[in-house]
Amino acid sequence: MLVEFLEAQAQHSKLAEAVIDNRRAYYLDDNPTISDGEYDELMRRLEALEDEFPQLKEGSPSQVVGGWPDPTFKEVRHPEQMYSLDDVFSKEELMSWFEKAFRLVPEAEIVKAGGFLCELKIDGLAMDLLYRNGKLVSGATRGDGITGEDVTGNVLTIKTIPAVLHGQAPESVEVRGEVFMMVADFEALNESLTDEGKQVFANPRNAAAGSLRQKEAKVTASRPLSFYAHGFGQLIPETAFERQSQGYDLLRTLGVPVSHHNKVVGTLKEVWEFIEYWHVHRHDVEHEIDGIVIKVDDRALQERMGATSRAPRWAVAYKYPPEEVTTKLIDIQVGVGRTGRVTPFAVMEPVKVAGSVVERATLHNPDIVKRKGVLIGDTVILRKAGDVIPEIVGPVLADRDGSEREFVFPDRCPSCGAPLAPDNENAKDLRCPNAAGCPAQVKDRLVYLASRSALDIEGLGEKAVNALVDDKVVYNEGDIFSLTGDDLLVSSYFIKTDTKTKAGGERILLESAKTLLANIEAAKTKPFVRFLTALSIRHLAKGNAPAVAAAFPSIDALSSASEEQLSQTDGVGPIMAAAIVDWFKEDWHREIISKWLAAGCALNPAPAEQAGEALPQTLAGLTIVVTGAVPGYTRDGADAALAARGAKATGSVSKKTSLVVYGEGAGSKLAKAESLGVPTVPSSQFEKLLETGQWQ
């Protein structure tokens, strides 16, 4: 047992040192060297050892509030201690925390007294504001919880923090909250720093902390900082309000901003529903969040439940799976898309983030690479934007050892060797001008042609397309609809050798190849709008193709349209109109059309076929967005049904949207509609909407 303890003690010592070093980097230097998720894992390992050997807790960083005051700032003592929060990372851990809480105060008593206050956990810098007789007398960082940094002068430059409270304020009120930066403001700030040739911030939290802790208040004043209150310290008189949520109502009347996302709930089921909802919608918020804070709402019960040396027993933070991790940037390479755009992407050591393993991330264009300041060989912070798209946030500068090297953007296409040229619409982008012969562009266009957004040809995926192009079975999309079985026998990807029938073996098509040919044949009769999408005309895609196809319902009509005629079409601006006209000027584009027509593709449907059965235009003039599942319809099918009734089906919600149809799995579009006051209707009423045009 002694040996085990000594081993645990040695391990604990290393972990404690790592925690302290990283707290210093995070709280004091505003330059973290590891991700939040990795820091949380360090703390969990430290606490696991302390659970097994409680004697290790003495003097441990787990027993004190994270951070300490910067000695370059004047110190200020908080009237009441500022606590940290205990963290949980799963539903099981949350329920275990509730079990402990209910030993202090029974669940029924908490519910009867008002229930639980649920709040979004803002990823910012903790702030303590002290008002005496309605006037701000001190603004301080949390520091070690007892003593913080006096940043009053800087706080007074934050427009959302009142210097004098409105109305009748308590004699003394200590407001706790978070200084943060809105995501949109953060992006704009980094843009301006890039333009000035300065180092950008890795994330909004660092930007907020670095901006607040400036030695000159005028620098802080130039930064777009915001503040939300989320708690109280000293309060005189104590009886100003009974529940914390009521205290937030009071703060609002006094002019102190409080998040409008907070919600009081009465049951543990509702707590979990709140957690799950914001896990899905976390990127719909104006600021970054990393979890949910759950509090007992009644202040008298909070007092009964008390606190440990570092955290209240009446509140807990549920942390979402980390979206940011660190990994090694092995290389930066470039890829070529279907429109010729050449995009740099990062090749990294594989790392798990937000539930999946990631080893590549886009870097968009040379300007973004420069803005992020990353070098090949850097340790980089990686996140998943929207839980889906891997994105490099920036480098960990402290980990550089001098071996890193700058990325040099190539001057020739990596696929065909053609000299790269600036994009005529966006000078920050580079393009390969060899659209007709660049293998990478041809492959990407073919994959897109076969996608669900276009002709939906099952079996014509990336591997099949690579084989067709690499084996010179097809040279561009014009060859697809004239493919035969004999053509496919050229490529080993589509054949197998039958050694039973002949001594030398006979090459025969795989069943998957025969199915592919059948699917290509079936695609020839797809609606014209799908062919229009499949052509990969720049700026013309699934979202606006229906409007163009409705105005010009055949390839003959479209190819003969002028820019002026096209510009009169709903959703078509001058840039798109010019792109469509320019597309038909290319000889090789017209050759694709000729080949498709020769193969029997329905590019010029008969007038009766174009019109189909006339349907009442019950939704004429309306702009409608569908989000989530619609019973009996695919997403494309629902959009087509709306268009057939005269509506414009779009993919984004704005003030101009007439209506949002929502079903199971509805995402941020529904929340945005509600915030904008756009009418919504459940998908169960979709058929009625089509038939009557009524939704109220």
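That block above? That's the structure.
Residues numbered from 1 in each chain as written. Predicted model: local features only at pLDDT ≥ 70, side-chain atom pairs only at ≥ 80, totals over all residues. Heavy atoms only, no water.

Chemist: How should I be thinking about the state of the cysteines in this particular structure?
Modeler: This structure, assessed with the given rule, holds zero disulfides. Here Cys432 stays free of any disulfide, with the sulfur of Cys416 as its closest cysteine sulfur at 3.6 Å. (Disulfide = S-S within 2.5 Å.)

Chemist: Explanation requested: the sheet that holds strand β8 (residues 226-236) in the structure shown.
Modeler: Note on sheets: strands pair through backbone hydrogen bonds, and any given pair is parallel or antiparallel. Ordered by their spatial adjacency, four strands build an open sheet running β5-β4-β7-β8, and the pairing between neighbours is antiparallel. With one partner strand each, in any of the chains shown, β5 (135-141) and β8 form the two edges of the open sheet. For this sheet, the mean inter-axis angle between neighbouring strands, taken without regard to orientation, is 25°. The pairing of strand β7 (residues 172-180) with β8 spans eight bridges and is classified as antiparallel. Bridging across to β8, Arg176 finds its partner in Gly231. (Pairing = 2+ DSSP bridges. Helix = DSSP H or I, 4+ residues; strand = E, 2+ residues; numbered from the N terminus. Axes fitted to C-alpha atoms, helices over the stretch in contact; angles between N-to-C directions.)

Chemist: Please explain the packing of aromatic side chains as it appears in this structure.
Modeler: Geometrically, a pair of aromatic rings is defined through the distance of the ring centres and the angle of the planes. This model, assessed by the stated rule, comprises 17 aromatic pairs. Relative to Phe241, the ring of Phe232 lies with its centre 4.8 Å away and its plane at 50°, an arrangement referred to as tilted. In this structure, Phe232 and Phe241 share a single accessibility class: buried. A centroid spacing of 5.0 Å and a plane angle of 90° characterise the contact between Tyr277 and Trp278, whose relative ring orientation is edge-to-face. On the basis of relative accessible area, Trp278 is assigned to the buried category, the value being 10%. Ring-pair connections join several aromatic residues into one group, and the members of that group are Trp97, Phe98, Phe102 and Phe116. Here Arg338 stacks its cationic end above the ring of Tyr448, 3.6 Å away from the centre of that ring. (Phe/Tyr/Trp six-rings, centres within 6.5 Å; stacked < 30°, edge-to-face > 60°. Buried < 20%, exposed > 50% of the residue type's maximum accessible area, 1.4 Å probe, protein only. Lys NZ or Arg CZ within 6 Å of the ring centre and 35° of its normal.)

Chemist: Which parts of the structure should I look at to understand the packing of helix α13 (residues 439-449) against helix α14 (residues 462-470)?
Modeler: Angle between the axes and distance between the axes are the two parameters that describe a pair of packed helices. In the contact formed by α13 and α14, the axes pass within 9 Å of each other and the chain directions differ by 140°. On the basis of the axis angle, α13 is oblique to α14. As α13 runs across α14, the sense of the crossing is right-handed. Of the residues in α14, those touching α13 at Val442, Lys443, Leu446 and Val447 are Glu462, Val465, Asn466, Val469 and Asp470. A class-by-class count of the residues in the contact of α13 with α14 yields five nonpolar, one polar and three charged. (Parallel < 35°, antiparallel > 145°, perpendicular 65-115°, else oblique. Left-handed = near helix turned anticlockwise from the far one by under 90°. Contact = heavy atoms within 4.5 Å. Nonpolar A, V, L, I, M, F, W, Y, C, P; charged D, E, K, R; others polar.)

Chemist: Please explain the environment of Thr160 as it appears in this structure.
Modeler: Checked against the element boundaries, Thr160 lands in the loop between α5 (152-155) and β7. Separated by 67 residues in sequence, Thr160 and Phe227 place their C-alpha atoms 6.3 Å apart. Discounting chain neighbours no more than four positions away, the residues touching Thr160 are Leu225, Ser226, Phe227, Gly255 and Pro257. A polar atom in the side chain of Thr160 sits 3.3 Å from the backbone nitrogen of Phe227. (Polar contact = N/O pair within 3.5 Å; in protein donor to acceptor, adjacent residues only side chain to side chain.)

Chemist: How do you make sense of the side chain of Lys121 when you look at a structure like this?
Modeler: With respect to the secondary-structure elements, Lys121 resides in strand β3 (residues 116-122). Its relative accessible area of 19% is what places Lys121 among the buried residues. When near neighbours in sequence (up to four residues on either side) are disregarded, Lys121 contacts Glu288, Ile289, Asp290, Gly291, Ile292, Val293, Ala317 and Lys319.

Chemist: In this structure, what is going on with the packing of helix α21 (residues 574-585) against helix α22 (residues 587-598)? I would like to understand it.
Modeler: Direction vectors running N to C along α21 and α22 enclose 80°, while the axes themselves pass 5 Å from each other. Between α21 and α22, the angle is such that the two are roughly perpendicular. On the side of α21, the interface is formed by Trp583, Phe584 and Lys585, while α22 contributes Asp587, His589, Arg590 and Ile593. The class makeup of the residues in the contact of α21 with α22 is three nonpolar, one polar and three charged.

Chemist: Is there a simple way to explain the sheet that holds strand β11 (residues 315-319) in this structure?
Modeler: Spatial ordering of the open sheet is given by β2-β11-β10-β3-β9, a layout of five strands whose pairing is mixed. Where the open sheet ends on each side, the last strands, each with one partner, are β2 (86-88) and β9 (263-265). Direction aside, the axes of adjacent strands within the sheet are offset by 30° on average. Together, β2, β3, β10 (289-296) and β11 form the strand contacts of helix α3 (residues 91-104), whose direction differs from that of β11 by roughly 175°. With respect to the sheet, helix α10 (residues 268-280) is in contact with β3, β9, β10 and β11, its orientation differing from that of β3 by roughly 20°.

Chemist: Help me out: how do you make sense of the pattern of salt bridges in this one?
Modeler: In a structure, side chains of opposite charge can pair up when their charged atoms sit close to one another. The final tally for this structure, using the stated rule, is 28 salt bridges. Arg371 is the partner of Glu191 in a salt bridge, and the nearest nitrogen-oxygen pair spans 3.1 Å. With Glu191 in helix α6 (residues 183-195) and Arg371 in helix α12 (residues 366-372), this residue pair connects regions lying 180 residues apart in the sequence. In this structure Arg371 comes out as buried when scored by relative accessible area, which is 16%. A salt bridge links Arg445 to Glu477; its shortest N-O distance comes to 2.7 Å. Of this pair, Arg445 sits in helix α13 while Glu477 is found in the loop between α14 and α15 (485-488), placing the two residues 32 residues apart along the sequence. Each member of the pair Arg445 and Glu477 is classed as buried. If you follow the salt bridges from partner to partner, you end up with Asp128, Glu174 and Arg176 in one network. (Salt bridge = Lys/Arg side-chain N within 4 Å of Asp/Glu carboxyl O.)

Chemist: Even after reading the chapter, I still don't get unusual backbone geometry, so can you show me in this structure?
Modeler: Negative phi characterises most residues that are not glycine, and trans characterises most peptide bonds. Following Ile236, the chain continues to Pro237 via a peptide bond in cis, the omega torsion being 5°. Note that Pro237 resides in the loop between β8 and α9 (244-254). Even without being glycine, Ser536 reaches a positive phi, approximately 60°. Within the chain, His539 stands out as a residue other than glycine whose phi angle is a positive 75°. In this structure, His539 sits in the loop between α17 (528-534) and α18 (545-551). Owing to a relative accessible area of 33%, His539 belongs among the partly exposed residues under this scheme.

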